[in-house]
Amino acid sequence: QAAAPLHPVAVQCQEAQVVVTVHRDLFGTGRLVKAVDLTLGSAACLPLAQDVAESVVTFVVGLHECGSTLQMTPDSLIYKTILSYKPTPSGNPVIVRTNAAVVPIECHYPRKGNVSSKAIQPTWAPFRSTLSAEEKLMFSLRLMNDDWSAERLSNGFQLGESLHLQADVASGDHVPLRLFVDDCVATLSPDRSSSPRYALIDLSGCLVDGRSDDTTSTFISPRPRQETLQFTVDAFKFAGDDRNLIYITCHLKVSPADQAPNPLNKACSFNKASSLWAPVEGTGDICSCCETGSCPLYG
């Protein structure tokens, strides 16, 4: 919403930056605050522009600039900062006529998204509890050719071939992110909860299809980049069903790249030579729950 006396601070959370628009009638009294008394973040960044005619002050800063902090919840990346108003004496240096103020500002970016072959389109909407907005991270899931150099032109396979699947997230100027595939399920209709259904990846990142005796399905290690995860799945069809179209729906998420993988954020393949589960990165113990089925799950 536009900054106005009834809503004197407006926030837009964009892919890589936050735009904060402040109406100088900050307290709705008709008395305009001075632009030089407004700063953003613990680093006290100054405004980018001031519209004298409309009495509006604008800040444009990167998500992790000006001393903002990052909080990660099971579902969101939350960038937090503050708008500070510290009045300086005017006229008589002994008194001031307004109070100082601090306005908390948050930008929420969901860590998770269900994607098929089409990327989620970005959208944002304000929250009510505090000045905040939301924009989707751009997740994608693509069928790649055998050397991973380009997207596969055909989505047709013969039994005996392998599907090369690549999951990506466009991280923009966020703090470095690492992508994980929570689960992938194959169905005969676009509804991932329909029956019959077959889990390829389950238990927060276990490539359970590779546990079967007759498969070579695996995550590709090392990754080409932290925001990409590649895996192969041996072609298959549903027994007793002649339909030749299968839908694969995957649940993707991110975590900060500097956070060590754990049983919740992991990419684990089954190594038939050693009969052990092995992670793309992290210590082997984070995959032990793939065998027991006791991995932690979020909703």
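Along every chain, residues carry numbers that run from 1 in the direction the sequence is written. A pLDDT threshold of at least 70 governs which residues receive local features in this predicted model, and a stricter bar of 80 or more applies before side-chain atom pairs are shown or counted, although totals over entire chains, interfaces and linings include all residues. In computing side-chain properties, one takes all heavy atoms of the structure into account and sets aside hydrogens as well as water.

- Looking at an unreviewed UniProt entry, one finds the protein chain named Zona pellucida sperm-binding protein 3 and attributed to Pampusana beccarii.
- UniProt positions are given in the numbering used here, feature names are shortened, and annotations may be inferred rather than shown by experiment. The protein chain has a UniProt comment under Sequence similarities (unreviewed entry) that states "Belongs to the ZP domain family. ZPC subfamily."

## Observations concerning the overall build of the protein chain
- Along its length, the protein chain carries one helix and 19 strands.
- Working definition: with a 1.4 Å probe on protein chains only, accessible area under 20% of the residue-type maximum means buried, over 50% means exposed, and in between means partly exposed. Looking at the protein chain residue by residue over its 299 residues, the buried ones come to 46%.
- We call two residues in contact when some of their heavy atoms are within 4.5 Å. Considering only contacts within the protein chain whose residues lie at least 6 apart along the sequence, 61% involve residues at least 24 apart.
- Only the protein chains shown count as cover for residues, and the accessible areas themselves come from Shrake-Rupley with a 1.4 Å probe. Of the roughly 15200 Å² that the protein chain leaves accessible, carbon and sulfur atoms contribute 53%. Secondary structure is summarised from DSSP: a helix means a run of H or I of at least four residues, a strand means a run of E of at least two, and numbering begins at the N terminus for each.

## Notes on the state of the cysteines
- Cysteine sulfur atoms are paired as a disulfide whenever they come within 2.5 Å of each other. In this structure the tally under the stated criterion is six disulfides.
- The partner cysteine of Cys268 in its disulfide is Cys287, sulfur to sulfur 2.0 Å. When the S-S torsion is -80 degrees, as for the bridge of Cys268 with Cys287, the disulfide is left-handed. A residue pair is termed long-range when its members are at least 10 positions apart, and Cys268 in strand β18 (residues 268-271) and Cys287 in the loop between β19 (276-279) and α1 (288-292) qualify at 19 residues. Pair check on accessibility: Cys268 and Cys287 agree, each one buried.
- Residue Cys289 pairs covalently with Cys295 via a disulfide, S to S 2.1 Å. Judged by the sign of its S-S torsion, about 95 degrees, the bond between Cys289 and Cys295 is right-handed. Cys295 matches Cys289 in its accessibility class, with the two residues each being buried.

## Examining the side chain of Gln166
- Structurally, Gln166 is set in strand β12 (residues 162-170).
- Polar contacts, as counted here, are pairs of nitrogen or oxygen atoms within 3.5 Å of one another; within protein the pair requires one atom able to donate a hydrogen and one able to accept it, and residues that are adjacent in sequence qualify only if both atoms are side-chain atoms. For Gln166, the side chain forms a polar contact with the side chain of Gln230, separated by 2.8 Å.

## Here we look at the sheet that holds strand β15 (residues 218-219)
- Strand order in the open sheet formed by four strands is β11-β12-β16-β15, and the pairing between neighbours is antiparallel. Of all strands in the sheet, those bounded by a partner on one side alone are β11 (138-144) and β15.
- Note that β11 and β12 share seven bridges and pair antiparallel. Pairing of Met144 across the sheet is with His164, part of β12. For two strands to pair, DSSP has to find at least two bridges joining them.

## Concerning the environment of Gly205
- Note that Gly205 resides in the loop between β14 (197-201) and β15.
- It is 9.2 Å that separates the C-alpha atoms of Gly205 and Cys295, two residues lying 90 residues apart in sequence.
- Those residues in contact with Gly205 that sit more than four places away from it in its chain are Val181, Asp182, Phe219, Lys266, Ala267 and Cys268.

## Regarding the side chain of Thr39
- Here Thr39 shows up in strand β3 (residues 38-40).
- Non-local contacts of Thr39, meaning those with residues more than four positions away in its chain, are made with Ala44, Cys45, Leu46, Phe59, Ile82, Leu83 and Ser84.

## Some remarks on the pairing of strand β13 (residues 177-187)
- The element β13 is extensively covered by neighbouring structure, given that eleven of its eleven residues are classed as buried.
- Direction of pairing for β13 relative to strand β17 (residues 247-256): antiparallel, over a ladder of ten bridges. Paired with Leu179 across the strands is Val254, a residue of β17.
- The sheet contact formed by β13 and β14 spans four bridges and is antiparallel. Bridge pairing in β14 places Thr187 opposite Arg197.

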